Amino acid sequence: MKTNRARNWDRNVVLSVEHLTMRFGGLVAVNDLSFNVGRGDITALIGPNGAGKTTVFNCVTGFYKPTEGRIAMRHGAGVSQDQIEALTRTGRQYDDDGDHRVFLLERMPDFEISKRAKVARTFQNIRLFGGMTALENLLVAQHNPLMIASSMTVGGILNLPGYRKARGEAIDFAAYWLEKTGLIDRADDPAADLPYGAQRRLEIARAMCIRPHLLCLDEPAAGLNPRESTELNELLQYIRKDHDTSILLIEHDMGVVMEISDHVIVLDYGQKIADDTADEVKNDPKVISAYLGVDEDEVAAIEESIDMPVHHAKHSQRDEGGQP
Ligand SMILES: Nc1ncnc2c1ncn2[C@@H]1O[C@H](COP(=O)(O)OP(=O)(O)OP(=O)(O)O)[C@@H](O)[C@H]1O
């Protein structure tokens with residue numbers, strides 16, 4: 001049953017994606033897509049292989065410049081639509097005066113999106129510095145504040161007190177996240193030596209070291225065993241609750257999606273086919289049949305077992321497109 005209660009993602013928006021389109025040559029990977037991410041919510045972006053999920057992530061995090069559309073990140077709860085419209089008209093990338101800061105991500109390079117707009121991400125394929133220790137990976141993530149404290153290296157070379165203090169704080173913060181992700185005993189091990197599940201947690205710890213307002217996770221549960229998957233759920237709930245960080249995740253594991261998501265957006269062929277609570281979405285036959293790529297007879301059976309993980313439902317491949 002639908003309720004009339006306004007959803008958090010309508011009332012308290014941290015990220016709004018409006019009319020996003022991404023074309024690769026003749027292929028439309030994302031087609032006029034609009035959705036909101038609620039502040040403090042765990043929002044899942046799901047859909048069959050090739051539906052456009054990673055492309056959306058790449059647009060939000062600045063790896064791709066969208067063909068069309070606006071992606072507004074808001075710091076502070078009081079940002080109005082008028083403020084976003086006014087900023088859009090100025091042609092500027094962001095307005096970061098005062099408590100209500102707005103960032104138009106489609107205009108910003110990826111390093112500014114992470115540094116200024118405080119959007120962090122992890123990747124479908126783990127991208128750690130394998131030869132560096134777990135601790136060093138987390139210190140690299142804090143490069144910006146350390147560079148500022150070192151007055152752009154001079155203070156670091158001379159080991160001035162301001163730099164020593166900042167470095168001590170960076171190590172403490174890294175240790176905090178190593179503790180939270182169960183990796184403190186492996187702090188001095190090269191990242192490449194860690195088991196797969198630990199590397200996934202280290203990626204999340206590294207992303208948290210930029211103190212993100214929005215954490216984007218691309219298939220965080222991929223390759224995890226059931227115990228690691230449960231630990232991941234607990235970690236994400238903790239991050240959302242205790243760190244004022246909203247989470248947007250792409251995930252194929254329906255067990256994870258249904259257990260932790262406040263809000264689920266379903267894509268199919270680059271278009272949104274559902275946008276609701278996890279309960280509403282999981283009972284939507286349109287979603288089940290599109291997402292699982294099955295015929296009508298199979299839907300009822302799958303509905304009964306929807307709590308079971310469903311990996312990588314196959315869709316027919318679409319046209320090949322060119323590089324952006
Ligand atoms: N750089 C690119 N150049 C050309 N086509 C691309 C590029 N990136 C993505 N595509 C195409 O865009 C479509 C959407 O791909 P995308 O990776 O966003 O889907 P997805 O939903 O994340 O899929 P999966 O679940 O398999 O990761 C696919 O048809 C893909 O082949």
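The rules behind these values
- Residues numbered from 1 in each chain as written.
- Predicted model: local features only at pLDDT ≥ 70, side-chain atom pairs only at ≥ 80, totals over all residues.
- UniProt positions renumbered as here; feature names shortened; annotations may be inferred.
- Helix = DSSP H or I, 4+ residues; strand = E, 2+ residues; numbered from the N terminus.
- Buried ≥ 20, exposed ≤ 12 C-beta atoms within 10 Å, placed from the backbone.
- Contact = placed C-beta atoms within 7 Å.
- Core = buried A, V, L, I, M, F, W, Y, C linked by C-beta atoms within 7 Å.
- Domains from an automatic or database assignment.
- Pairing = 2+ DSSP bridges.
- Expected span 1.5 Å × (residues − 1).
- pLDDT = per-residue confidence, 0-100.
- Axes fitted to C-alpha atoms, helices over the stretch in contact; angles between N-to-C directions.

Going by the annotation in an unreviewed UniProt entry, the name recorded for the protein chain is ABC transporter ATP-binding protein, with Hoeflea olei given as the source organism. Taken from UniProt, the Sequence similarities (unreviewed entry) comment for the protein chain reads in full: "Belongs to the ABC transporter superfamily."

*Asks:* Summarise the overall build of the protein chain; cite the residues concerned and give the values.
*Replies:* Assigned secondary structure in the protein chain consists of 14 helices and 11 strands. Each of the 324 residues in the protein chain was classed as buried or not, and the buried ones make up 39%. Partitioning the intrachain contacts of the protein chain with sequence separation of at least 6 by distance along the chain shows that 68% fall at a separation of at least 24.

*Asks:* Give me the lowdown on the nonpolar core, citing residues and values where you can.
*Replies:* Counting residues in hydrophobic clusters, the biggest one holds 80 residues, and the most contacted among them are L105, A205, L214 and C216. Residue contributions to this core peak at six residues, all from strand 1 (residues 13-24). Two domains each put at least three residues into this core: domain 1 (9-118 + 212-324) and domain 2 (127-211). Here L214 is in contact with V14, L15, V37, M73, V119, S246 and L248, once residues within four sequence places are set aside.

*Asks:* So what's going on with the pairing of strand 4 (residues 68-75)? Residues and values would help.
*Replies:* Here strand 1 pairs with strand 4 via five bridges, running antiparallel. Its bridge partner lying in strand 4, E18 is registered against R70.

*Asks:* Please set out the domain arrangement of the protein chain residue by residue, giving values where relevant.
*Replies:* In terms of domain boundaries, the protein chain breaks down into domain 1 (9-118 + 212-324) and domain 2 (127-211). Taken together, the contacts link 11 residues of domain 1 with 11 residues of domain 2. Within the residue set of the side of domain 1 that touches domain 2, elements represented by two or more residues are helix 4 (110-115) and helix 10 (226-242). With three residues, helix 10 is the single largest residue contributor to the side of domain 1 that touches domain 2.

*Asks:* How would you summarise the pairing of strand 11 (residues 271-276) if you had to cite specific residues and measurements?
*Replies:* Within a regular strand, the side chains alternate between the two sheet faces. Judged from the five bridges that link them, strand 10 (residues 263-268) and strand 11 form a sheet pairing that is antiparallel. Counterpart to D268 in the pairing with strand 11 is Q271. Between strand 10 and strand 11, which pair antiparallel one after the other, the connecting turn spans two residues, and Y269 there sits at a positive phi close to 50°.

*Asks:* Kindly report on helix 9 (residues 196-208), identifying the contributing residues and their values.
*Replies:* With 13 residues, helix 9 should reach 18 Å at 1.5 Å per residue; the first-to-last C-alpha distance of 19 Å fits that figure. The buried count for helix 9 comes to 10 of 13 residues, which makes it a mostly enclosed element. Within helix 9 the residues assigned to the buried category are Q199, R200, R201, L202, E203, I204, A205, R206, A207 and M208.

*Asks:* Please set out helix 2 (residues 53-60) residue by residue, giving values where relevant.
*Replies:* Because an α-helix completes one turn every 3.6 residues, residues spaced three or four positions apart along the sequence face the same direction. The buried fraction of helix 2 amounts to seven of the eight residues, a majority that puts the element mostly inside the structure. Along helix 2, the residues that are buried comprise K53, T55, V56, F57, N58, C59 and V60. Following helix 2 by one or two positions, G62 adopts a phi angle in the positive range, close to 85°.

*Asks:* Account for the confidence of the model for the protein chain, naming residues and giving values.
*Replies:* Per-residue confidence for the protein chain averages 84 on the pLDDT scale, and 81% of its residues sit at or above 70. Below a pLDDT of 50 lies the segment residues 1-5, which in the model reaches one contact outside its immediate sequence neighbourhood of four places, other chains included. Long-range and interchain partners of residues 308-324, a stretch whose pLDDT sits below 50, account for 34 contacts in this model, where long-range means more than four residues apart. Of the two predicted TM-score estimates for the complex, the pTM is 0.84 and the ipTM is 0.97.

*Asks:* I'd like a description of unusual backbone geometry, backed by residues and values.
*Replies:* What you tend to see is this: most non-glycine residues have negative phi, and most peptide bonds are trans. Of note, the phi angle at H19 is positive, near 50°, even though the residue is not glycine. The exposed category is assigned to H19, around which 12 C-beta atoms lie within 10 Å. A positive phi angle, near 50°, is found at D32, a position not held by glycine. Relative to the assigned elements, D32 resides in strand 2 (residues 27-38).

*Asks:* Let's hear about the sheet that holds strand 3 (residues 42-46): which residues, and what values?
*Replies:* Ordered by their spatial adjacency, six strands build an open sheet running 7-8-9-3-10-11, and the pairing between neighbours is mixed. If you trace the sheet from one side to the other, it starts and ends with strand 7 (119-121) and strand 11, each paired once. The mean inter-strand angle of the sheet, taken between neighbouring strand axes irrespective of direction, is 15°. Both strand 7 and strand 8 (residues 214-218) contribute to a ladder of three bridges, which runs parallel. Its bridge partner being in strand 8, A120 is matched across the sheet by L215. Contacting strand 3, strand 7, strand 8, strand 9 (246-250) and strand 10, helix 2 runs over the sheet at an angle of about 145° to strand 8.

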